[in-house]
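# Observations on the three-dimensional arrangement
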Amino acid sequence: MGTEGKVIRCRAAVAWEAGQALVVEEVEVAPPKAHEVRVKIAASGVCHTDWAYLHGAGRGMELRPFPLVLGHEGAGVVESVGAGVTKFSPGDKVIPLFLPQCGECECCLSAKTNLCKANWSKTQQGVLADGTSRITCRGQQVFQFLGVSSFSEYTVALETNLTKIHPDAPLERVCLLGCGVATGYGAAVNVAKVEPGSVCVVFGLGAVGLAAVMGCVSAGAARVIGVDVNPDKFAKAREFGVTECVNPRDHSCPVQEVLAQMTGGGADYSLECVGDVEVMRSALESCRSAWGVCVIVGWTELEEMRLRPFHLLMGRTLKGTYFGGWKSVRDVPRLVDQHLSGRLKLEEFVTHTLTLDQVNHAFQLLAGGQSIRSIITM
């Protein structure tokens, strides 16, 4: 591309401090170092986790260092590669991954988990393997969110945090497989392991929740009950396969009691896709005793979940998931292929397509419950 080995000046949405609007700035993106890849980002989904780390920093979320370029649901094209990189070449279509897969650590070698320890603590703090970021602005280092930073026209990722995808993949859609859709879908099929003929409840009907609905339907669930306090989401949820919708605000008793009455004792599977500890408890208690399975999908870090041991002692199972149980480097290309073959919805999640200059508007739409997924195109 004529830029190999050079610093690239481009635009990025910079979060200078927690709780403040992003500022679109000119930034400098350095060339990739050994075992790194520089990517020209084509599109990025706007995930609730991005909003939460900006506005929930120090409350429900751990404080990340600022200034910071958010975005972790991107897709793009390889611009150049660093020394030692053999699996990627300029021009490859790729999806950066906030969850690595090194293929060598004890987690990667185990079929029991999709987690990976490679440079985990460093990328969580916004830096790459050498402890620094590749993005600078106004003469100072800008941290990379989860090692990705897809709200930038160019970014640099570790090769273990990147996967090559089919050359026909539409980047403005498959970017959603970098987080939300893959997480919700996998929570149902990989973690809950929904069975044919079962009754499922999904709490939260945003992108992750709708993806969980999609997973329940694909697994053959007989009923999928959607729970949300925003009734504007119900029509879209029914398009994805929700059979009944419940608004907790329409009832005087706790929603888990409503669900128990609707299902004759509780759901076989419940999936919490909100990231709220009270909703998590409701999801657990909405499960049927003896064999009900509750999967926590929504993300929160500092808050504590309260539960009564009785609900577990009577046979319920409480599980958590990160990125839907997918082995990231291996499985995301398979999900892309499923989309290309028409077996996995992506277009249906997109409610708004915006430019980088409109990223704050995308956050407003998200916080106001007016969008499922906004896509930022570069």
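For clarity, every value in this text was computed on a predicted model and none was experimentally measured.

## Remarks on the packing of helix H1 (residues 48–55) against helix H11 (residues 359–367)
Taken N-terminus to C-terminus, the directions of H1 and H11 make an angle of 100°; their axes are 10 Å apart at the nearest point. Judged by the angle between their axes, H1 and H11 are roughly perpendicular. Packed against H1, whose contacting residues are His 48, Asp 50, Trp 51 and Leu 54, the element H11 presents Phe 363, Leu 366 and Ala 367 at the interface. Here the residues of the contact of H1 with H11 are counted per class, giving five nonpolar, one polar and one charged.

## Topic: the pattern of salt bridges
Going through the model one piece at a time under the given rule, you end up with 18 salt bridges. Asp 92 is the salt-bridge partner of Lys 164, the closest N and O atoms lying 3.7 Å from each other. Pair noted here: Lys 164 is in strand S10 (residues 162–164) and Asp 92 is in the loop between strand S5 (74–81) and strand S6 (93–96), with a separation of 72 residues, a long-range link. In this structure Lys 164 comes out as partly exposed when scored by relative accessible area, which is 44%. Where salt bridges share partners, they join Lys 33, Glu 36, Asp 130 and Arg 134 into one cluster.

## Considering the nonpolar core
Among the nonpolar cores identified, the biggest contains 99 residues, and Val 174, Leu 177, Leu 271 and Phe 349 are the most heavily contacted of them. The element contributing the most residues to this core is helix H5 (residues 207–218), with eight residues. In contact with Val 174, other than residues within four places in its own chain, are Ala 75, Ile 95, Ile 165, Ala 169, Val 336, His 339 and Leu 346. The next biggest cluster of nonpolar side chains, apart from the first, holds 17 residues, and it includes Val 199, Ile 225, Val 258 and Ile 296.

## Focus: a nonpolar patch on the surface
A cluster of nonpolar residues, Leu 307, Leu 312 and Leu 318, forms a patch on the protein surface that exposes about 190 Å² of accessible area. When you line up the elements, Leu 318 lands in strand S16 (residues 317–320). Residue Leu 318 is classed as partly exposed on the basis of its relative accessible area of 31%.

## Some details on H5
Here H5 is twelve residues long and its end C-alpha atoms lie 16 Å apart, about the 16 Å a rise of 1.5 Å per residue gives. Along H5, ten of the twelve residues are buried, which leaves the element largely enclosed by surrounding structure. For H5, the full list of buried residues reads Ala 207, Val 208, Gly 209, Leu 210, Ala 211, Ala 212, Val 213, Met 214, Gly 215 and Cys 216. Of the surrounding elements, those touching the buried residues of H5 are helix H4 (180–192), strand S11 (199–203), strand S12 (223–227), helix H6 (234–240), strand S14 (269–272) and strand S18 (373–377). Where H5 terminates, the next one or two residues include Gly 220, which has phi positive at roughly 95°.

## Observations concerning the layout of surface pockets
Volume-wise, the second largest pocket comes out at about 370 Å³. Forming the boundary of the second largest pocket are 20 residues, of which Ala 111, Lys 112, Thr 113, Asn 114 and Gly 325 lie nearest the centre. Mapped by element, the contributors of at least two residues to the lining of the second largest pocket are H4, S16 and helix H10 (328–340). A per-class count over the lining of the second largest pocket returns six nonpolar, eight polar and six charged.

## A few points about the side chain of Ser 282
Among the structural elements, Ser 282 can be located in helix H8 (residues 277–285). At 3.1 Å, the side chain of Ser 282 and the side chain of Gln 256 are in polar contact. If near-sequence neighbours (up to four positions away) are discounted, Ser 282 is found in contact with Phe 203, Val 255 and Gln 256.

## As for H10
A rise of 1.5 Å per residue sets the reference length of H10, with its 13 residues, at 18 Å; its end C-alpha atoms lie 18 Å apart and thus fit the reference within 8%. Within H10 the residues assigned to the buried category are Ser 328, Asp 331, Val 332, Pro 333, Leu 335, Val 336, Gln 338 and His 339. Where H10 is buried, its residues contact S6, S10, helix H3 (171–174) and H4. Immediately beyond the C-terminal end of H10, within one or two residues, lies Gly 342, with a positive phi of roughly 85°.

## Focus on the environment of Lys 122
One can find Lys 122 in helix H2 (residues 120–124). Among the residues examined, Lys 122 registers a relative accessible area of 33% and is labelled partly exposed. Taking C-alpha positions, Lys 122 is 8.6 Å from Leu 146, a pair spaced 24 residues apart along the chain. Leaving out residues up to four positions away in the same chain, Lys 122 has contacts with Val 127, Leu 128, Ala 129 and Gly 131.

## Quick word on the side chain of Arg 316
Among the structural elements, Arg 316 can be located in the loop between helix H9 (309–313) and S16. Of the side chains with opposite charge, Glu 285 lies nearest to the buried Arg 316, which makes no salt bridge, at 7.8 Å. Within the structure, Arg 316 has its side chain in polar contact with the backbone oxygen of Cys 287 (distance 2.9 Å). A polar contact of 3.2 Å, which involves the side chain of Arg 316, links it to the backbone oxygen of His 311. If we ignore the near neighbours within four places in the chain, the residues touching Arg 316 are Leu 284, Glu 285, Cys 287, Arg 288, Ser 289, Ala 290, Gly 292 and His 311.

## Some remarks on the pairing of S11
Counting buried residues in S11 gives five out of five residues, a clear majority hidden from the surface. Alternating positions in S11 separate into two faces, Val 199, Val 201 and Phe 203 on one and Cys 200 and Val 202 on the other, with burial throughout. Bridge count between S11 and S12: five bridges; the pairing is parallel. By the bridge assignment, Val 201 is partnered in S12 with Ile 225. The β-α-β motif built from S11, the intervening H5 and the parallel element S12 has right-handed crossover chirality. Sheet analysis places S11 next to S14, joined by four bridges and oriented parallel.

About the criteria used
Residues numbered from 1 in each chain as written. Predicted model: local features only at pLDDT ≥ 70, side-chain atom pairs only at ≥ 80, totals over all residues. Heavy atoms only, no water. Axes fitted to C-alpha atoms, helices over the stretch in contact; angles between N-to-C directions. Helix = DSSP H or I, 4+ residues; strand = E, 2+ residues; numbered from the N terminus. Parallel < 35°, antiparallel > 145°, perpendicular 65-115°, else oblique. Contact = heavy atoms within 4.5 Å. Nonpolar A, V, L, I, M, F, W, Y, C, P; charged D, E, K, R; others polar. Salt bridge = Lys/Arg side-chain N within 4 Å of Asp/Glu carboxyl O. Buried < 20%, exposed > 50% of the residue type's maximum accessible area, 1.4 Å probe, protein only. Core = buried A, V, L, I, M, F, W, Y, C linked by side-chain atoms within 4.5 Å. Patch = residues over 30% accessible without salt bridge, like charges linked within 9 Å, V, L, I, M, F, W, Y side chains within 5 Å. Areas by Shrake-Rupley, 256 points an atom, 1.4 Å probe, with all protein chains shown as cover. Expected span 1.5 Å × (residues − 1). 1 Å grid on protein atoms, 1.4 Å probe; cavity = no way out; pocket = protein on both sides within 12 Å on 5 of 7 lines; lining within 4 Å. Points joined across faces, edges and corners; volume = space filled by probe spheres on them. Polar contact = N/O pair within 3.5 Å; in protein donor to acceptor, adjacent residues only side chain to side chain. Lys, Arg positive; Asp, Glu negative; His and termini not counted. Pairing = 2+ DSSP bridges. Right-handed = clockwise from strand over helix to strand, strands pointing away.

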